[in-house]
Amino acid sequence: MAKCNLLEQRAGCVRSVEVWPARSDRQAERLRELIAVLQSVDPDFVTVTYGAMGSSRARSLALIEELVALGFDVVAHLACLGNSRDELVDLIHRYRSLGVCGVLALRGDPPLESTTGFGASELHHASELVELIRQESDLPVIVALHPDGHPDSTDIASDRNFAAEKLGNADLGLTQFFFDYASFVGLQSDMMARGVATPIVPGLMVPSSPKQLLRMTEIAGIQPPPYFASADWDLDNGLDRFRALALDGALTLARRALEDGARGVHLFSMNSAQVTAEFFARL
Ligand SMILES: NC(=O)C1=CN([C@@H]2O[C@H](COP(=O)(O)OP(=O)(O)OC[C@H]3O[C@@H](n4cnc5c(N)ncnc54)[C@H](O)[C@@H]3O)[C@@H](O)[C@H]2O)C=CC1
Ligand SMILES: Nc1nc(=O)c2c([nH]1)NC[C@@H]1CN(c3ccc(C(=O)N[C@@H](CCC(=O)O)C(=O)O)cc3)CN21
């Protein structure tokens, strides 16, 4: 049974890893390799995406069930967009009975093929979902925070105000990935300035290729790190050099955050066994 104490599990650095459900045979093979690595890394909790990039609810539920059965503490993502209130309530109860140890309350991304239609959505902001989870369960609630501001926000001040409101009602904040340490420091100080002291754990991503990096910076609405523009990655050994810099970059951010008092680190594994193994071996 899940221990349900997200930050008190390990003295020092609490380690968490995001995984997503496989959507093809090739992805299923990658997921097997990742789960094998996770069994030796032994993270404090694993988060399972919901609906990310169009993935289905059934696949998320099946992966949660599998990971719980393997003995992992699982945090389930839940997104407002595309679900009615009743569907969200049903999912919260299903998560509860599957034995998850927390919920990451997200607004969610609009469907890839649409810029406006959110279908049956009745809740429109993560803060509303935090309230719903509180009403419906005693599960710990995590929220996503955006060090560089959310790409849909009109200005950073209002984005920080909304972020502080939802973080104040949550048990933990996990950040979107970032490449500029100053953005993480800015987020922390803006939350403190608004009177919110809920712990914030940095989310790190180690891109496996320049192409993946550009795709992810586009999703997050942020600039690539400085090393990206420093070389022609198509040249000999370019990919190996890129991966070494990407890993060093994420480790540098993680270590600085831990030195400055962060309680843990969260890795967006991108379902890569190799990245996950190397990141935690060197942290
Ligand atoms: N770990 C993960 O899976 C992560 C996922 N994300 C993704 O980021 C996306 C949205 O992020 P969230 O932080 O959950 O959304 P959110 O609902 O907190 O914020 C989304 C946007 O709405 C604005 N907003 C918030 N509350 C508002 C209110 N009451 N009135 C008007 N505007 C308001 C915010 O400033 C922001 O621009 C999701 O697609 C999520 O999947 C982001 C980071 C990590
Ligand atoms: N805005 C936003 N939405 C998210 O879903 C999200 C974030 N940010 N930030 C952190 C992580 C990263 N997430 C991601 C990122 C990419 C894929 C993705 O491209 N998945 C492909 C597989 C690609 C591959 O195997 O290389 C898929 O088909 O599911 C999924 C989740 C989920 N999280």
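Remember, predicted model here, so these are calculated numbers, not experimental data.

Asker: What am I meant to see in the site of ligand 2 here?
Answerer: Around ligand 2, the structure places 14 residues, and the nearest of them are Arg23, Asp109, Gln176, Arg215 and Phe268. Here a nitrogen atom of ligand 2 sits 2.6 Å away from a polar atom, N or O, in the side chain of Gln176. Within the complex, the protein chains bury 80% of what would otherwise be the 660 Å² of accessible surface of ligand 2. Looking at the shell around ligand 2, the elements that each hand over two or more residues are strand 6 (172-177) and helix 7 (210-220). Broken down by element, the residue count for the shell around ligand 2 peaks at three residues, all from helix 7.

Asker: Please clarify how the site of ligand 1 should be interpreted in this entry.
Answerer: Close to ligand 1 lie 19 residues, the nearest being Gly108, Asp109, His146, Asp159 and Lys166. Between ligand 1 and Glu18 there is a distance of 3.4 Å, counted from a nitrogen atom to a side-chain nitrogen or oxygen. Within the backbone of Ser153, one N or O atom sits 3.3 Å away from an oxygen atom of ligand 1. For ligand 1, the accessible surface in isolation is 840 Å², of which the surrounding protein chains cover 82%. Counting only elements with at least two residues in the shell around ligand 1, the list comes to strand 4 (102-106) and helix 5 (156-168). It is helix 5 that provides the largest number of residues to the shell around ligand 1, a total of three residues. The residue inventory of the shell around ligand 1, partitioned by class, reads six nonpolar, seven polar and six charged.

Asker: What's the story with the nonpolar core in this structure? I'm lost.
Answerer: Nonpolar side chains tend to gather and get buried jointly when the protein is soluble and globular. Ranked by internal contacts, the top residues of the largest apolar core, which has 79 residues, are Val19, Leu67, Tyr95, Leu129 and Phe279. The element contributing the most residues to this core is helix 8 (residues 238-259), with eight residues. Sequence-distant contacts of Phe279, that is, excluding residues within four places in its chain, are made with Leu204, Val206, Leu247, Ala250, Leu251, Ala254, Val265 and Leu267. One finds Leu6, Val14, Leu106 and Ile142 within the second-largest nonpolar core, a separate group that totals 13 residues.

Asker: I'm lost on the packing of aromatic side chains in this one. Help?
Answerer: Pairs of aromatic rings are described using the distance from one ring centre to the other and the angle between the two planes. Applying the stated criterion across every chain, the model contains seven aromatic pairs. Centre to centre, the rings of Phe177 and Phe179 are 6.4 Å apart; their planes meet at 45°, and the pair counts as tilted. The same class applies to Phe177 and to Phe179, which are both buried. Ring centres of Phe279 and Phe280 lie 5.1 Å apart, and the angle between their planes is 90°; on these two criteria the pair is classed as edge-to-face. Judged on exposure class, the residue Phe279 and its partner Phe280 are both buried. Among the aromatic residues, those joined into a cluster by ring pairs are Phe177, Phe179 and Phe268.

Calculation rules
Residues numbered from 1 in each chain as written. Chains lettered and ligands numbered in written order. Predicted model: local features only at pLDDT ≥ 70, side-chain atom pairs only at ≥ 80, totals over all residues. Heavy atoms only, no water. Near = heavy atom within 4 Å. Polar contact = N/O pair within 3.5 Å; in protein donor to acceptor, adjacent residues only side chain to side chain. Areas by Shrake-Rupley, 256 points an atom, 1.4 Å probe, with all protein chains shown as cover. Helix = DSSP H or I, 4+ residues; strand = E, 2+ residues; numbered from the N terminus. Nonpolar A, V, L, I, M, F, W, Y, C, P; charged D, E, K, R; others polar. Core = buried A, V, L, I, M, F, W, Y, C linked by side-chain atoms within 4.5 Å. Buried < 20%, exposed > 50% of the residue type's maximum accessible area, 1.4 Å probe, protein only. Contact = heavy atoms within 4.5 Å. Phe/Tyr/Trp six-rings, centres within 6.5 Å; stacked < 30°, edge-to-face > 60°.

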